[in-house]
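Fold and contact review
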Amino acid sequence: MAGMSLLLRAAAALGSRRVLSRTAGGGRVSLLGRNVVFPSTIAPVRHGSHERRLFYIKATDFYDKRFLSLLRYYILLPGIPLAVLIAYVNIFIGEAELAEIPEGYVPEHWEYYKHPITRWIARNFFDSPEKEYEKMLAIIDAEAIKADLRLKELEARRLMRERGDGPWYHYETPDKNLIDYSHKAEPDH
Amino acid sequence: MPEGLDRDHEAYKEPPKRTPAPEEPLSPFHPLAILGNVLHYTVDAPVTVFRDWMERQRGKHKFYYYHRNYRRVPDLTECLEGDYLCMYEAEAQWKRDMKVDYEIVKIIKERAEACQVREGPSHRQNCAKEMEQFAEVSKAFADRYADLGAFGSARKCLMKQKHRMIAERKAEAKQ
């Protein structure tokens, strides 16, 4: 199909009249101006069974083509190196083999995974599952201590309110002995 | 073991055929033989050559991976109230045990399926042992893990067991 159109284009190029001079065609200057050079296939040639090249008026596909072209470019730009890298790793390095843990040997946390890229990610970016477990336990411990202290605080408040002997839930009042009752001694004054 | 089942297990072995009549070999001009040869030389041989080359490249530096060995920690029944660390570890252990139980049921099911495929039309009488084992195992699994919901935990499983025991005791007391 592509070959056919190339063939047709070659035939058209050979057969077309080359418009070399601007004044060919009766001395008139073309509408586009004096200094314009036309491409050689501007004048379509009628050669019998040759198809006519017509200018079909259709909606623009410029923006669509541009979008798809850019999409392909930006996907393949990291995509091709990644594909090459993954193919290299799979062909030349290959996956790990399952083995029994040797006596007295504690494997590193990345040695529990099969694929080399997974092992690399686990080795360089992630903490070991044991560490994650311990981090979770630390969080739970902190929250447990906080919950315990909060309950104790509520209990302390309740008791202090009830018994009234603690530093909370009372205001300091002046001493009873400082009250001056002298003006109450003679009621009719 | 998701990697591979134990294909040498006696549950998977074919029983000996009763009429071992030898099959005569196909003549090389038979269409099936021609097709076989074509496939062999266009697909099988190049792929095998490439695969052998790839295995040689990979064999230059081998490395291994291992399965995790988890220690046993105290159960949920052995945790004190308010000891949230013990409870977390018990829950994690219960989840791992549940996964192991899932795989056990899968293996028993695969054995029953293999037996059925192998026996063909007479599977109902020849596979009785495998079917019974599968029924037993799946009933035990359902007793323990079914109906716990999406957020099932060791605590809910324990409560389910408690209710089951209460129901059993009531049923016994009625008699």
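You'll find the structure just up there.
Nothing here was measured: the structure is a model prediction, and the numbers come from that model. (Residues numbered from 1 in each chain as written. Chains lettered and ligands numbered in written order. Predicted model: local features only at pLDDT ≥ 70, side-chain atom pairs only at ≥ 80, totals over all residues. Heavy atoms only, no water.)

1. Some details on helix H1 (residues 31–59) of chain B
The condition is simple: Segments assigned H or I by DSSP are reported as helices when at least four residues long, segments assigned E as strands when at least two residues long, and all are numbered from the N terminus. Working rule for helices: expected span equals 1.5 Å times residues minus one. Given a residue, its bend is the angle between the two axes fitted to the seven residues that end at it and to the seven that start from it. Residue contacts are defined here by distance: any two heavy atoms, one from each residue, within 4.5 Å place the two residues in contact.
Across its 29 residues, H1 of chain B extends 40 Å between first and last C-alpha, which sits within 8% of the 42 Å expected from 1.5 Å per residue. His40 of chain B marks where H1 of chain B bends most, by close to 45°. Where H1 of chain B is buried, its residues touch helix H2 (62–93) of chain A.

2. So, the nonpolar core
The tendency in soluble globular proteins is for nonpolar side chains to be buried as a group. All names here are of chain B. Condition: Buried Ala, Val, Leu, Ile, Met, Phe, Trp, Tyr and Cys residues form a nonpolar core when they are joined through side-chain atoms within 4.5 Å. The buried label applies to any residue whose accessible area, calculated with a 1.4 Å probe on protein chains only, is under 20% of its type's maximum; exposed applies above 50%, and partly exposed to all values in between.
Judged by nonpolar contacts, Leu76, Cys79, Cys86, Met87, Ala90, Trp94, Val105, Phe141, Tyr145, Leu148, Ala154 and Cys157 together constitute the single largest core of 12 residues. Examining the composition of this core, we find that five residues originate from one element, helix H2 (residues 84–119), more than from any other. Those residues in contact with Val105 that sit more than four places away from it in its chain are Phe134, Val137 and Phe141.

3. A closer look at the interface of chain B and chain A
What counts, and what does not: Put simply, buried area is how much 1.4 Å-probe accessible surface two parts lose in total, over both of them, once they are put together. One speaks of a salt bridge when a side-chain nitrogen belonging to Lys or Arg is within 4 Å of a carboxyl oxygen belonging to Asp or Glu. Counting of polar contacts relies on pairs of N or O atoms within 3.5 Å, with two restrictions inside protein: one atom must be capable of donating a hydrogen and the other of accepting it, and residues adjacent in sequence are counted only when both atoms are side-chain atoms. Paired strands are those between which DSSP finds at least two bridges.
Counting residues at the interface gives 20 residues for chain B, matched by 30 residues for chain A. Of the roughly 2400 Å² buried where chain B meets chain A, counting both sides, 66% is carbon and sulfur surface. Here chain B and chain A share two salt bridges between them. Glu97 of chain A serves as the salt-bridge partner of Lys62 of chain B, at 2.3 Å between the closest nitrogen and oxygen. For the pair chain B and chain A, the interface holds nine residue pairs in polar contact (both at pLDDT 80 or more). Counting residues per element, the ones that place at least two in the side of chain B that touches chain A are H1, strand S1 (64–65) and H2 of chain B. The sheet contact formed by strand S1 (residues 97–98) of chain A and S1 of chain B spans two bridges and is parallel.

In short, the description is geometric, and any link to function would need to be established separately.
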